[in-house]
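Listed here are the chains, written in short residue letters.
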Amino acid sequence: MASSLTFLLLSSLVIFSLTSHAFSASLLPYFYYKVCPKALPTIKRIVQDAVRQERRMGASILRLHFHDCFVNGCDASILLDQTTTIDSEKTAFANNNSARGFEVIDKIKSEVDKVCGRSIVSCADILTVAARDSVVALGGPSWQVQLGRRDSTTASRTQANNDIPSPFMDLTSLINNFKNQGLNEKDLVALSVDTH
Ligand SMILES: *[C@@H]1O[C@H](CO)[C@@H](O)[C@H](O)[C@H]1NC(C)=O
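Worth saying up front: this structure is predicted, and the values here are computed from it rather than measured.

1. Notes on the pattern of salt bridges
Turning to step 1, where the next piece is worked out: Taken as a whole and judged by the stated rule, the model has eight salt bridges.
Turning to step 2, where the next piece is worked out: Among the ionic pairs, R45 bridges to E111, the shortest N-O distance being 3.4 Å. With R45 in helix α2 (residues 39-53) and E111 in helix α4 (residues 102-116), this residue pair connects regions lying 66 residues apart in the sequence.
Turning to step 3, where the next piece is worked out: Classification of E111 by relative accessible area gives partly exposed; the value is 21%.
Turning to step 4, where the next piece is worked out: In this structure, R100 and E54 form a salt bridge, with 3.0 Å as the shortest nitrogen-oxygen distance. With R100 in the loop between α3 (56-69) and α4 and E54 in the loop between α2 and α3, this residue pair connects regions lying 46 residues apart in the sequence.
Turning to step 5, where the next piece is worked out: Here E54 falls in the partly exposed class, since its relative accessible area comes to 29%.
Turning to step 6, where the next piece is worked out: One continuous salt-bridge network, built from bridges that share partners, spans R45, E111 and K114.

2. Focus: the nonpolar core
Turning to step 1, where the next piece is worked out: Ranked by size, the top nonpolar core spans 47 residues in total, and within it I43, I105 and I108 carry the most contacts.
Turning to step 2, where the next piece is worked out: Elements with a minimum of two residues in this core: α2, α3, α4, α5 (123-137), α7 (171-179) and α8 (185-195).
Turning to step 3, where the next piece is worked out: Looking at this core, the element that brings in the most residues is α5, giving eight residues.
Turning to step 4, where the next piece is worked out: Those residues in contact with I108, other than ones at most four positions away along the chain, are I43, I46, V47, I126 and A130.

3. Things to note about unusual backbone geometry
Turning to step 1, where the next piece is worked out: Phi at N72 takes a positive value of approximately 65 degrees, unusual for a residue other than glycine.
Turning to step 2, where the next piece is worked out: Notably, N97 is not glycine yet its phi reads approximately 65 degrees, a positive angle.
Turning to step 3, where the next piece is worked out: Locating N97 in the fold gives a position in the loop between α3 and α4.

4. Details of the packing of aromatic side chains
Turning to step 1, where the next piece is worked out: Using the criterion set out here, one finds five aromatic pairs in the structure.
Turning to step 2, where the next piece is worked out: Judged by centre distance (6.1 Å) and plane angle (50 degrees), the ring pair of F66 and F178 falls under tilted. Here F66 is found in helix α3, whereas its partner F178 is found in helix α7, with 112 residues between them in sequence. Side by side, F66 and F178 carry an identical accessibility label, which is buried.
Turning to step 3, where the next piece is worked out: Among the aromatic residues, those joined into a ring-pair cluster are F66, F70 and F178.

5. Quick look at the site of the ligand
Turning to step 1, where the next piece is worked out: Every residue near the ligand is listed here: T91, N96, N97 and R157.
Turning to step 2, where the next piece is worked out: Take N96: an N or O atom from its side chain is 2.4 Å from an oxygen atom of the ligand.
Turning to step 3, where the next piece is worked out: Within the side chain of N97, a nitrogen or oxygen atom sits 3.0 Å from an oxygen atom of the ligand.
Turning to step 4, where the next piece is worked out: When the free accessible area of the ligand is taken as 360 Å², the share hidden by the protein chains comes to 38%.
Turning to step 5, where the next piece is worked out: Across the shell around the ligand, the residue classes tally to no nonpolar, three polar and one charged.

6. Things to note about the environment of A131
Turning to step 1, where the next piece is worked out: By the element assignment, A131 lies in helix α5.
Turning to step 2, where the next piece is worked out: Between the alpha carbons of A131 and I61 there is a distance of 5.6 Å; along the sequence they are 70 residues apart.
Turning to step 3, where the next piece is worked out: Ignoring anything within four residues of it in the chain, the contact list for A131 reads I61, L62, H65 and W143.

Thresholds, definitions, all that
- Residues numbered from 1 in each chain as written.
- Predicted model: local features only at pLDDT ≥ 70, side-chain atom pairs only at ≥ 80, totals over all residues.
- Heavy atoms only, no water.
- Salt bridge = Lys/Arg side-chain N within 4 Å of Asp/Glu carboxyl O.
- Helix = DSSP H or I, 4+ residues; strand = E, 2+ residues; numbered from the N terminus.
- Buried < 20%, exposed > 50% of the residue type's maximum accessible area, 1.4 Å probe, protein only.
- Core = buried A, V, L, I, M, F, W, Y, C linked by side-chain atoms within 4.5 Å.
- Contact = heavy atoms within 4.5 Å.
- Phe/Tyr/Trp six-rings, centres within 6.5 Å; stacked < 30°, edge-to-face > 60°.
- Near = heavy atom within 4 Å.
- Polar contact = N/O pair within 3.5 Å; in protein donor to acceptor, adjacent residues only side chain to side chain.
- Areas by Shrake-Rupley, 256 points an atom, 1.4 Å probe, with all protein chains shown as cover.
- Nonpolar A, V, L, I, M, F, W, Y, C, P; charged D, E, K, R; others polar.

And the structure:
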């Protein structure tokens, strides 16, 4: 128990870095406060229900956020299905048959659209808040999430294959891979232990 709390504490630091490093100039924690005060409570409720049903789902959603952010930033590109114009990241090596929790994010999106109106809350923000709420639902600490991300309209399986760390990388490659995202060795350990 003590060790799992330590890992959760570390992950919160990681996610804070993931969410703050690329976007700190334009994002705001109270982005939806006026346009839809029910947005964040709705996300939290559905995440809590999902984690209550299956605790592993908390780690799965955190991993989904991690694998989204490593490919062109936290823009929800990982949620896009394959089409003639979209090169889905869902079948990249690190995601095919292992990325899970999409149905929880879909459910949140449909509920949030119901209470806020369509296209008010981005999927990128939903995934980012859901990752934080997952850590909290598993007994970890909370932190403030910066909001106002826009969703990507494209995805890249090739880039996902290049940018998401592979289990075959040695330590030096892993450290460099995380450094490319503005993350350090502590972040590497936290995300590796927490989400695998
Ligand atoms: C993803 O997994 C499925 C099922 O195992 C497999 O048929 C498919 O070829 C895989 N896709 C890629 C791109 O590796």
